[in-house]
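# Remarks on the overall topology
In case you want the letters, here they are:
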Amino acid sequence: MTPDDTGTAAPAKTRIEYLEELGDELAKRGFRVRLTLPRGQSPSLHVMNPDASALTENILAEQGADGWWYWWSWAERIATADDVAAAAARVALVLAAR
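The following refers to the structure shown. These numbers were taken from a predicted model, which means no experiment stands behind them.

A separate point is unusual backbone geometry. Even without a glycine there, the phi angle at alanine 75 is positive, about 65 degrees. Following the sequence through the fold, alanine 75 ends up in the loop between strand E6 (67-71) and strand E7 (77-80). For alanine 75, a relative accessible area of 58% translates into the label exposed.

Let us now look at the environment of tryptophan 69. Relative to the elements of secondary structure, tryptophan 69 occurs in strand E6. The buried category is assigned to tryptophan 69, whose relative accessible area is 18%. Separated by 10 residues in the primary sequence, tryptophan 69 and alanine 79 have C-alpha atoms spaced 5.9 Å apart. Those residues within four positions of tryptophan 69 in sequence are excluded, and the remaining contacts are Leu60, Ala61, Glu62, Arg77, Ala79, Thr80 and Ala81. Of note is the side chain of tryptophan 69, whose polar atom sits 3.4 Å from the side chain of aspartate 66.

This brings us to the packing of aromatic side chains. Applying the stated criterion to the full structure yields 2 aromatic pairs. Note that arginine 77 overlies the ring of tryptophan 69, its terminal NZ or CZ placed 4.0 Å from the centroid.

Our focus in this paragraph is the pairing of strand E5 (residues 52-64). As judged from the 5 bridges shared by strand E4 (residues 44-49) and E5, these two strands associate in the antiparallel manner. Across the sheet, the residue bridging to valine 47 is glutamate 57, located in E5. Following E4, the chain reverses through 2 residues before pairing antiparallel with E5. As paired elements, E5 and E6 share 5 bridges and run antiparallel to each other. Within E6, the residue paired with glutamine 63 across the bridge is tryptophan 68. Linking two consecutive strands that pair antiparallel, namely E5 and E6, is a turn of 2 residues.

Turning our eyes to something else, we now look at the pattern of salt bridges. Taken as a whole and assessed by the stated rule, the structure comprises 5 salt bridges. Between glutamate 62 and arginine 15 there is a salt bridge whose closest N-O contact spans 2.7 Å. Here glutamate 62, found in strand E5, pairs with arginine 15, found in helix H1 (residues 15-28); they are 47 residues apart in sequence, far enough to count as distant. For glutamate 62, a relative accessible area of 24% translates into the label partly exposed.

Reading the values: the criteria
- Residues numbered from 1 in each chain as written.
- Predicted model: local features only at pLDDT ≥ 70, side-chain atom pairs only at ≥ 80, totals over all residues.
- Heavy atoms only, no water.
- Helix = DSSP H or I, 4+ residues; strand = E, 2+ residues; numbered from the N terminus.
- Buried < 20%, exposed > 50% of the residue type's maximum accessible area, 1.4 Å probe, protein only.
- Contact = heavy atoms within 4.5 Å.
- Polar contact = N/O pair within 3.5 Å; in protein donor to acceptor, adjacent residues only side chain to side chain.
- Phe/Tyr/Trp six-rings, centres within 6.5 Å; stacked < 30°, edge-to-face > 60°.
- Lys NZ or Arg CZ within 6 Å of the ring centre and 35° of its normal.
- Pairing = 2+ DSSP bridges.
- Salt bridge = Lys/Arg side-chain N within 4 Å of Asp/Glu carboxyl O.

This is the structure:
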């Protein structure tokens, strides 16, 4: 919980909410997205280029000492979760058919 402008506690965004935001942005850019909730594991966003189905990736949202970040499955940061447009642009670049 974090304080809001009224001085009361407001719930912080969840990992799933961050992934849904990124999924919405990527869907607008033409990617196929699916939120996966595997039992006993962290949720992830499965992203696929519909024009090249081999180009897929599972994106994670994790909170660290410096805030929330989107992560590639190979444990490299994509962008801060507060910058959905930058994260979507980077994912789109990596998953673009060349």
